[in-house]
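The lines below spell out each chain.
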Amino acid sequence: HVAVYHHAVSTVAELQRDGMLSVDQLSERVSLSRNACWRRVKMMEEAGIITGRAALVDPEQLGFCLSVFILVRTNHHDPEWLKKFRDAVTSIPEIIGVYRMSGDLDYVLRARVPDVKAYDRLYQRLIAKVPLSDVSASLVMEEIKETMVLPAILR
């Protein structure tokens, strides 16, 4: 079982580094036969471990130079408000992450926009769609680390 687990972890780790690898390239990197590697990837997709593949892009190259964390507090917690909130945040493409929080904040939203004026337009669209008690924003001055790669843990 240790060898199977090791191959599964190493397969996921390699795909996180480069999701565009062919099965042949991946099988070589994880020391599995092509067929065994293909079966392992299919099994992890079916199990929901691998949920998709995407190309990572440089947001600044596409004009989305400003990263913003939007901090939200609300006095509303009923199901109707929550549906309206979910619909609002999922309908705004510049909002790329939404997190319900414990503690002082109710929600943290992450957005990518071209500039401060674009953030203000996003803010105006958001508050027009759903009532919020308190909204503040923190503009990212420098991205020191950002990754989608999860740490590989060998047992």
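Definitions and limits used
- Residues numbered from 1 in each chain as written.
- Predicted model: local features only at pLDDT ≥ 70, side-chain atom pairs only at ≥ 80, totals over all residues.
- Heavy atoms only, no water.
- Helix = DSSP H or I, 4+ residues; strand = E, 2+ residues; numbered from the N terminus.
- Buried < 20%, exposed > 50% of the residue type's maximum accessible area, 1.4 Å probe, protein only.
- Contact = heavy atoms within 4.5 Å.
- Areas by Shrake-Rupley, 256 points an atom, 1.4 Å probe, with all protein chains shown as cover.
- Lys, Arg positive; Asp, Glu negative; His and termini not counted.
- Charge placed at Lys NZ, Arg CZ, Asp CG, Glu CD.
- Pairing = 2+ DSSP bridges.
- Axes fitted to C-alpha atoms, helices over the stretch in contact; angles between N-to-C directions.
- Expected span 1.5 Å × (residues − 1).
- Arc of directions from axis to C-beta.
- Polar contact = N/O pair within 3.5 Å; in protein donor to acceptor, adjacent residues only side chain to side chain.
- Phe/Tyr/Trp six-rings, centres within 6.5 Å; stacked < 30°, edge-to-face > 60°.

### Regarding the overall build of the protein chain
And then number 1: Along the backbone of the protein chain there are 5 helices and 4 strands.
And then number 2: Helices (α) and strands (β) of the protein chain occur, in sequence order from the N terminus, as α-α-α-β-α-β-β-α-β.
And then number 3: Overall, the C-alpha framework of the protein chain stretches about 55 × 35 × 25 Å when taken along its three principal axes.
And then number 4: Taken over 155 residues, the protein chain has a buried fraction of 31%.
And then number 5: Taking the contacts inside the protein chain whose residues are at least 6 apart along the sequence as the reference set, 67% of them involve residues at least 24 apart.
And then number 6: Counting every atom, the protein chain has about 10900 Å² of accessible surface; 55% of that belongs to carbon and sulfur.
And then number 7: Side-chain charges of the protein chain comprise 20 positive and 20 negative groups, with the mean position of each set lying 5 Å from the other.

### A word on the sheet that holds strand β3 (residues 107-113)
And then number 1: A sheet is described by the order of its strands in space; here 4 strands give the open sequence β2-β3-β1-β4, paired in antiparallel fashion. The open sheet terminates on both sides in strands that have one partner only, identified here as β2 (95-100) and β4 (134-139). Within this sheet the neighbouring strands show an average axis-to-axis angle of 20°, counted without direction.
And then number 2: Summarising the sheet, strand β1 (residues 66-73) and β3 pair through 7 bridges and their orientation is antiparallel. Bridge assignment links Val72 to a residue of β3, and that residue is Tyr107.
And then number 3: Along the sheet, helix α4 (residues 79-91) contacts β2 and β3; its crossing angle with β3, the most-contacted strand, is approximately 20°.

### A closer look at helix α5 (residues 116-129)
And then number 1: The end-to-end C-alpha distance of α5, which contains 14 residues, comes to 20 Å, matching closely the 20 Å that a straight helix rising 1.5 Å per residue would cover.
And then number 2: Taken residue by residue, α5 has Ala118, Tyr119, Leu122 and Leu126 as its buried positions. Summarising the axial view, the buried residues of α5 lie within an arc of 100°, below the 170-degree limit, and thus occupy one face. Opposite its buried face, α5 presents the exposed residues Val116, Lys117, Arg121 and Ala128, each directed more than 90 degrees away.
And then number 3: On its buried side, α5 packs onto β1, α4, β2, β3 and β4.
And then number 4: By the N-cap criterion, in which a side-chain oxygen at the helix start approaches the backbone nitrogen of a residue two or three places on, α5 is capped by Asp115, the distance to Lys117 being 3.2 Å.

### Overview of the packing of aromatic side chains
And then number 1: Overall, the coordinates contain 4 aromatic pairs when judged by the stated rule.
And then number 2: Centroid distance Trp81 to Tyr107: 6.0 Å. Interplanar angle 40°. Geometry classified as tilted. You can see Trp81 sitting in helix α4 and its partner Tyr107 sitting in strand β3, a full 26 residues away along the chain. Like Tyr107, Trp81 is buried.
And then number 3: Measuring from centroid to centroid gives 4.4 Å for Phe85 and Tyr107, while their planes differ by 40°, and the two rings are tilted. Note that Phe85 is positioned in helix α4 and Tyr107 in strand β3, a separation of 22 residues in sequence.
And then number 4: Owing to a relative accessible area of 1%, Phe85 belongs among the buried residues under this scheme.
And then number 5: Among the aromatic residues, ring-to-ring pairing joins Trp81, Phe85 and Tyr107 into one connected group.

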